[in-house]
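Working through the structure, step by step
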Amino acid sequence: MDWRVLLSCVSLWAGLALAEVGTFDLCRSSFYRQTEPLGFDRTSDDSAQICQKYRGTHFFATLYDKSNRIPLWSAYKLDHGRTKGPPRPNDWFVEPQLWDPNQSREMTSEDGSTLNELRSSQAINEDYQYSSYDRGHLNPFSFQSGVGRIATMTLTNAVPMDPCFNRIRWYKLEKNLKEQLTMNCIGKKGTPYLVTGAVPSGSEKIPIQDEEEEEEEEEEEGEDPQKYNRVSVPSHIWTAVCCNHVDDERKFSFAFLAENKEESRLQMLQVDELISKLSGLYPNSPSINIFKDDCNSKSKRGQEILSKIRSVLYHSFQVLLSDQYSQLLPPGKRSRLDKETSQLMQSKNLDQNKMQLTNIGLVMTFPSLADWSSYFEKTYDQDNLACVLEPSAGANPGGVAKGSGNRDRFCIPQQPRSDVSATGWSCVGQVCGHHEGTPYSWCYTSDTKWGYCCLDKCTVNKQSNQYECSQLSGYPMKCSPLYSMVTISGEACRVDHPCGLYGESYFWCYMDYGKGWDYCCSPRHYCGEHGYDYQWCYTADPQRSWQKCTLHAPTQKGGAQCLPPKFQDISDLRY
């Protein structure tokens, strides 16, 4: 039996993560020239110095803000080792010493009997439930190897991040930054030191108490007053990079700064420029210093690396200039526009903060769902394109006016997803592949497990009358095509969770980040009367199970939902 099959029933966390709270003396190897960043401390009562330790080894350092219950920064080195270690735990660790120095020196899982004490000085897993925010790493999981990855899975290394910013924009930056530092720093016998930080928000905090919960708790006595509005949602996320080298000419540094929101603009800066901006963002912090000597921030080499990263990010996002007809240009003009845009993005002198880029996307409209269903089958089978059904009120990628009163159904042409498990879960931190030498294709998935991946296209098997693909040596298994973002009740699916099987016998999707879900019509059926006096559709293949449905034009829900740039590689989405 494959060892991953046992993950759900075998505990891999016998070893506890240890953390040293109160001094950086035992983890100064995490800092460039053994010196921690300065000027971020609030007061000795509000902040705590943490040496993050796991199984007897110190991996990185964190300055934690106990009043805002988020880390101000984490300092770490890029570990280019190839050992992946055990998969992520379901819940993140906490640090008991933050509320009581006499507590165990071990970072542990939450203990229900001490939750009130933990709440007094730090975030707990419950704070992120139903909050619509990700637990975003400062020291990235992917920047470490082996058991060092598990040491990053502590809430003292996490802040509330907008899910679209975290899973798309910041993830793209981390991925390409790691590649560039591996090649241009570690590959040149240098040592990359990084500091990633968060700027606490003065007003926005989680978890938010809604009116219904507030009314219920007014009727109860003894409710913990610290349960809501405790964890600050950062306004900005930043990273400073230093490649140390024995040859000063090969030493370089640079930095990034971005707002913690969906449509965030990434600023690429010199370290001294970042310090100047942070001095205005952090209250009462006029004397910030990140690296002891700024790590040669004016070096030509650093600007060359920034230029490469800027170019890679441009190609990764596939963001085009703001001509909404550019996709329809003749091939020669299209090629020239791409070339000119690429040259601009590689410029060492271009002020990125004054340049505006926009997405371009195409939609198709249909007078009825019957028409959409017919087009979906044809484009999926013949063109290898999925015409993904969208809520009409929320589809506006091509400039369609939301207030036009147009009640046509919309679909967005997309290539079938190749970076998801067969049942639809998004791959996390990797794409589908024969990892660790397995004869089958698989990946870790966003439901904190792992799943098989299709080796060929997900199509209808005429014998079983359901969608299937090959897993190994032609062995068939159920799979989910990309086809719809609309539930049977007309509501919009969560943008990162389209209709699919996800291990069930019926098609469904999450509608929000609070785990609210609903059925979806089968890819081979659509919502209509179909000879009856009410609207219904099949929700499973083969076509046996069914549900009533609605044809009313749905409205896009608010909250932390995001629409990734059109024609973007869906592997950008991560959990």
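Residues numbered from 1 in each chain as written. Predicted model: local features only at pLDDT ≥ 70, side-chain atom pairs only at ≥ 80, totals over all residues. Heavy atoms only, no water.

**What to know about the overall build of the protein**
Our working definition: In DSSP terms, a helix is any run of H or I states spanning at least four residues, a strand is any run of E spanning at least two, and both are numbered starting from the N terminus. When a residue's accessible area, from a 1.4 Å probe over protein chains only, is under 20% of the maximum for its type it is buried; when over 50% it is exposed; and in between it is partly exposed. Between two residues, a contact is recorded if the distance between any of their heavy atoms is within 4.5 Å. Accessible surface area values rest on a Shrake-Rupley calculation with a 1.4 Å probe, where residue burial reflects the displayed protein chains alone.
Tallying secondary structure elements over the protein gives 8 helices and 25 strands in all. Sorting the 575 residues of the protein into buried and exposed places 52% on the buried side. When contacts within the protein are restricted to residue pairs at least 6 apart in sequence, long-range pairs at least 24 apart make up 63% of them. Accessible area for the protein stands at about 26,500 Å²; split by element, carbon and sulfur atoms hold 47% of it.

**Notes on the nonpolar core**
Test applied: The set of buried Ala, Val, Leu, Ile, Met, Phe, Trp, Tyr and Cys residues whose side-chain atoms join them within 4.5 Å is what this entry labels a nonpolar core.
Core analysis: the largest hydrophobic core is formed by 51 residues, its most contacted members being Leu177, Leu181, Leu194, Phe254 and Phe256. Among the elements that line this core, the one with the most residues is helix α3 (residues 163-184), at 5 residues. Apart from residues no more than four positions distant in its own chain, Leu177 is found in contact with Phe143, Leu194, Thr239, Val241, Phe254, Phe256 and Ile309. Cys387, Val388, Leu482 and Cys520 belong to the second largest nonpolar core, which has 31 residues in total.

**Topic: the sheet that holds strand β20 (residues 466-472)**
Formally: Note: two strands are recorded as paired if DSSP finds a minimum of 2 bridges between them. Angles shown run from 0 to 180 degrees and are taken between the N-to-C directions of axes, each axis being a line fitted to C-alpha atoms and, for helices, limited to the stretch in contact.
Strand order across the open sheet formed by 3 strands is β19-β20-β21, with antiparallel pairing between neighbours. Each edge of the sheet is formed by a strand with only one pairing partner; in this case those strands are β19 (459-461) and β21 (475-478). Along the sheet, successive strands turn relative to each other by an average axial angle of 65°, direction set aside. Pairing geometry for β19 and β20, over 3 bridges, is antiparallel. In the sheet register, Val460 faces β20, and the bridge partner there is Tyr467.

**Quick look at the side chain of Thr154**
Note the cut-off: Counted as a polar contact is a pair of N or O atoms within 3.5 Å, where, for protein atoms, one must be capable of donating a hydrogen and the other of accepting one, and residues adjacent in sequence contribute only when both atoms are in side chains.
Within the secondary structure layout, Thr154 lies in the loop between α2 (148-151) and β7 (158-161). Within the structure, Thr154 has its side chain in polar contact with the side chain of Thr156 (distance 2.7 Å).

**Some thoughts on the pattern of salt bridges**
Defined as follows: By definition here, a salt bridge exists when the distance from a side-chain nitrogen of Lys or Arg to a carboxyl oxygen of Asp or Glu is within 4 Å.
According to the stated counting rule, one finds 11 salt bridges in the structure shown. For Asp496, the salt bridge identified is with Arg167, shortest N-O distance 2.0 Å. With Asp496 in the loop between β21 and β22 (508-510) and Arg167 in helix α3, this pair connects stretches of sequence that are 329 residues apart. Its salt-bridge partner being Asp496, residue Arg494 comes within 2.7 Å of it at the nearest N-O pair.

**Here's the deal with a positive patch on the surface**
The line we're drawing: Within the patch definition used here, like charges are joined within 9 Å and nonpolar side chains (Val, Leu, Ile, Met, Phe, Trp, Tyr) within 5 Å, considering only residues with over 30% relative accessible area and no salt bridge. As used throughout, the charge tally considers Lys and Arg to be positive and Asp and Glu to be negative, leaving His and the chain termini uncounted. Each charge is placed at NZ for Lys, CZ for Arg, CG for Asp and CD for Glu.
Together, Lys188, Lys189, Arg250 and Lys308 make up a region of like positive charge exposed at the surface. Structurally, Arg250 is set in the loop between β11 (236-244) and β12 (252-259).

**Regarding the state of the cysteines**
Each disulfide consists of one covalent bond between the sulfur atoms belonging to two cysteines. For clarity, the threshold we go by: By definition, disulfides here are pairs of cysteine sulfur atoms that lie within 2.5 Å.
Scanning all chains against the criterion turns up 11 disulfides. In this model Cys242 forms its disulfide with Cys295; the gap between the sulfur atoms is 2.0 Å. Judged by the sign of its S-S torsion, about 70°, the cystine formed by Cys242 and Cys295 is right-handed. One end of the pair, Cys242, is in strand β11; the other, Cys295, is in the loop between α5 (271-281) and α6 (300-317), with 53 residues separating them in the sequence. Accessibility assignment for this pair places Cys242 and Cys295 in one class, buried. Disulfide partner of Cys427: Cys443, at an S-S distance of 2.2 Å. Handedness of the Cys427-Cys443 disulfide follows from its S-S torsion of about -80°: it is left-handed. Highlighted residues: Cys427 in the loop between β16 (409-414) and β17 (442-444) and Cys443 in strand β17, separated in sequence by 16 residues. Looking at Cys427, the relative accessible area reads 3%, which means it is buried. Using a relative accessible area of 0% as the deciding quantity, one classes Cys443 as buried.

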